[in-house]
Amino acid sequence: MKQKMKLESLAAEMLIKKLPGTIIRKLINNEEFSSFSQLRLISYKEIGSFHYESILVALERIQKRGKRVSIFTKDSKHFFLVRSPEGIRIVNAENEDDSRLIHDLAFLYPDKDIRLEALNYVIKQCWPSLPSRSYWLRILADRPLSETEFFQLISDISENPGRFKSTMKNSWHCGGEIDVATFFPSSFIYYEALIGSSSEGMSAEDWIDSILIPKLEQHIDLSLSDGLRCALALNIDLKLSPVKLVSDIPASELLVALSALVETHSPLILLGIIEIAIFHLDSDAKFLELASEALERLLGKKSEESGIIYAWIMMPSIVKTGLSRMSVDEKFWHYPPYWRGLAAFAHANILIETLEMDSKEAVDDFTGWLDNLITPKEVSATLLDMRKEPMWRFWDMTSLNLKDMIVGRLMLIKNWRVKSGLMFTNSHLVDSAIEDLDGEGSLLSIRRFSPLQDKRRIESMDSIEKIDSDLVTEFFSDIIDELGREPTGVVWKKLVVACRVQCFDSNLFDNLIKRVGNLTLEKKEKERFFNTLESAAEIAAVQRCKALADAVTHALVKAAGKFSTALDAKIGYYIILMSSGAIIDDSDWTEWIGKKMSEYAFSVPKGEACQQLLANLDDLSSLMKLKVRCLGRARKLAVSGIN
């Protein structure tokens, strides 16, 4: 029997070494598995692995005897455990000058004060906080950690943003190989530490008020500097402007904290510093100097020195890649898109602060690598998110749009100060940036640049965003005339922009549906055909027009027999999925997407086009809950077309 148990334990240990970290943690938390596998090894780099019971016994002896106690690693290396004023040390028995302070062993120490002291040490090292702090405080105040609890606490600590940042910085400066998984943690604990937890079904506004703002206030109470760094990194929307968060902080303390943060590489943090400083000009003239310094670093000659010139390029790619990876991670499926979007921004800010780039070539290589990582499944997940947040798409985020949002916010601040009869130094930098953006054809639309547009509908926009009705009527009339002259021209791109700022009327929709219905696929005009349908699908999703979505899919099904490549089939699949955003009700959407994908699969040519479509349908199925999967018929049709 003992031999069988040893073999079982060995088999389990071999299995564990091959498993991903997330699976290991789930198994460790399963008591039945824990007792079977006998996970009793605590390992330290360059020292070795110790059995959990051996460490526990040694610590109990230290408490009773007050002396060092011998302990042996799994491969029989001899060490001493020693209690020192700094904590628990592991000392090499063959060379007592070779010792290492191991803080986490104190979590197993019999004395409560020692355990709590170790936890307080850890909490100070965790930025911005350890979310499970109160849980571990309660346990450690009562007793030493069990084996499973010990590994769980170590996991919580290792997944903390502060630990990630220090590890990433060391790896980056050492020039070692860093894979994409290292750049983008797949840990709820990590993101919860940055933005707080989420609640299924809670709107963005309710979540901000009840969870995010209290979380940021707690961070600021614990540490003004660390709390501000965390809050300013989320300054992507007027709802999250940090001004209100620090309204009760004494001006002198605020000035010191902000001055320490102005050396940042992050444009979001600099924007927040400027906003706070401008609102505190009356309390201390030094706030004016601070605002001017931050603005110079953000938009002036110091932007290259500060790294902001590279942050404009890097941040959008980091956000897109991070959000894409979260969107296909099963752990994050039930969290709303706005939560994942904000988590992606918070993480991007950490990477911007950590990775130091010294040339545009290096930045272009890095962002090019990130952009090429996005998979078809991630694109599908993003299109699914459009049903919930049609007003914001992550792939619209470019360096130009990021600058657009920040400069737009600065313009509001400047206009407010001008109305008050006050100007701040080097405010001309804002005017120059606005001129540059206008020259590049950018549309200042700061009210749309945010992943916090949860469940927002075009018809619910407030009057500030409305356009004068006469101008709208004239615009629509011109659009209809232009469609008549060139049914697949640049006019569709104008409509894609307009669909997020103005409700379309029935006359315009009738014309759009008619133009889409008349589309035919000509070999020389294939790109125009797909571009037009993609624009129409996006308009249908944003404006919630089911009739236009139906027209788009009908045009695709009608033309699918002429597709000549796998790429054609994939583009058509994406367009149908995007247009499905027009269907709001979940049950209606399930029926609609199943029917439309089946019609499409029946029409797609046999061979590689069907094979491509099957791969896309498999991706889509894997992103849907089992009980609502509705693509069985479409998959069968695609399979039948492969052979």
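Cut-off values and rules
Residues numbered from 1 in each chain as written. Predicted model: local features only at pLDDT ≥ 70, side-chain atom pairs only at ≥ 80, totals over all residues. Heavy atoms only, no water. Helix = DSSP H or I, 4+ residues; strand = E, 2+ residues; numbered from the N terminus. Expected span 1.5 Å × (residues − 1). Buried < 20%, exposed > 50% of the residue type's maximum accessible area, 1.4 Å probe, protein only. Contact = heavy atoms within 4.5 Å. Polar contact = N/O pair within 3.5 Å; in protein donor to acceptor, adjacent residues only side chain to side chain. Core = buried A, V, L, I, M, F, W, Y, C linked by side-chain atoms within 4.5 Å. pLDDT = per-residue confidence, 0-100. 1 Å grid on protein atoms, 1.4 Å probe; cavity = no way out; pocket = protein on both sides within 12 Å on 5 of 7 lines; lining within 4 Å. Points joined across faces, edges and corners; volume = space filled by probe spheres on them. Nonpolar A, V, L, I, M, F, W, Y, C, P; charged D, E, K, R; others polar. Pairing = 2+ DSSP bridges. Salt bridge = Lys/Arg side-chain N within 4 Å of Asp/Glu carboxyl O.

### What about helix 5 (residues 112–125)?
Here's step 1: Under the 1.5 Å per step criterion, the end-to-end length of helix 5 is 20 Å for 14 residues, consistent within 8% with the ideal 20 Å.
Here's step 2: Listed as buried for helix 5 are Ile-114, Arg-115, Leu-116, Ala-118, Leu-119, Val-122 and Ile-123.
Here's step 3: Those residues of helix 5 hidden inside the fold are in contact with strand 4 (78–84), helix 6 (133–140) and helix 7 (147–158).
Here's step 4: One side-chain oxygen at the N-terminal end of helix 5 lies 3.0 Å from the backbone nitrogen of Asp-113; it belongs to Asp-111.

### Re the nonpolar core
Here's step 1: The biggest cluster of nonpolar side chains holds 95 residues, and the ones touching the most others in it are Ile-195, Ile-273 and Leu-410.
Here's step 2: A total of 11 residues in this core trace back to one element, the largest contributor, which is helix 18 (residues 337–354).
Here's step 3: Excluding residues within four positions of it along the chain, Ile-195 makes contact with Trp-207, Leu-212, Lys-215, Leu-234, Trp-339, Leu-342, Ala-343 and Ala-346.
Here's step 4: Within the second largest apolar cluster, 72 residues are counted, among which are Met-386, Leu-521, Ala-559 and Met-624.

### Quick look at the confidence of the model for the chain
Here's step 1: On average, the chain scores 86 in pLDDT, and the residues at 70 or more come to 88%.
Here's step 2: Low pLDDT (under 50) marks residues 1–24, which in the prediction has 16 contacts with non-local residues, meaning those over four places away or in another chain.
Here's step 3: Considering only residues more than four positions removed or in separate chains, one finds that residues 26–39, a stretch of pLDDT under 50, has 23 contacts.

### Focus: empty space enclosed by the protein
Here's step 1: Taken as a whole and assessed by the stated rule, the structure comprises two cavities of 30 Å³ or more.
Here's step 2: Taken as a whole, the largest cavity holds about 110 Å³ of empty space.
Here's step 3: What lines the largest cavity is Leu-323, Ser-327, Pro-337, Arg-340, Gly-341, Thr-382, Asp-385, Met-386, Glu-389, Trp-392, Arg-393 and Phe-394.
Here's step 4: Every element with two or more residues in the lining of the largest cavity is listed here: helix 17 (308–327), helix 18 and helix 20 (376–385).
Here's step 5: Considering each element in turn, the lining of the largest cavity owes the most residues, three residues, to helix 18.
Here's step 6: Residues that form the lining of the largest cavity fall into these classes: five nonpolar, three polar and four charged.

### What about the pairing of strand 4?
Here's step 1: Here four bridges tie strand 3 (residues 69–72) to strand 4, and the two strands are oriented antiparallel to one another. The residue bridging Val-69 from the neighbouring strand is Leu-81, located in strand 4.
Here's step 2: Remark: five residues form the turn of the hairpin made by strand 3 and strand 4, two consecutive strands paired antiparallel; Ser-76 in that turn has positive phi of roughly 70°.
Here's step 3: Here strand 4 runs beside strand 5 (residues 87–92); their pairing, made up of six bridges, is antiparallel. Bridge pairing links Leu-81 to Ile-90 in strand 5.
Here's step 4: Hairpin connection, strand 4 to strand 5: the antiparallel pair is bridged by two residues.

### Here we look at the pattern of salt bridges
Between side chains of opposite charge, a pair can form when the charged atoms approach closely.
Here's step 1: Applying the stated criterion across every chain yields a total of 19 salt bridges.
Here's step 2: Among the salt bridges present, the one from Lys-596 reaches Asp-550, with a minimum N-O distance of 3.7 Å. Taken as a pair, Lys-596 in helix 29 (residues 586–603) and Asp-550 in helix 27 (residues 546–559) lie far apart in primary sequence, 46 residues in all.
Here's step 3: Connected through shared salt-bridge partners, Lys-546, Asp-550 and Lys-596 make up one network.

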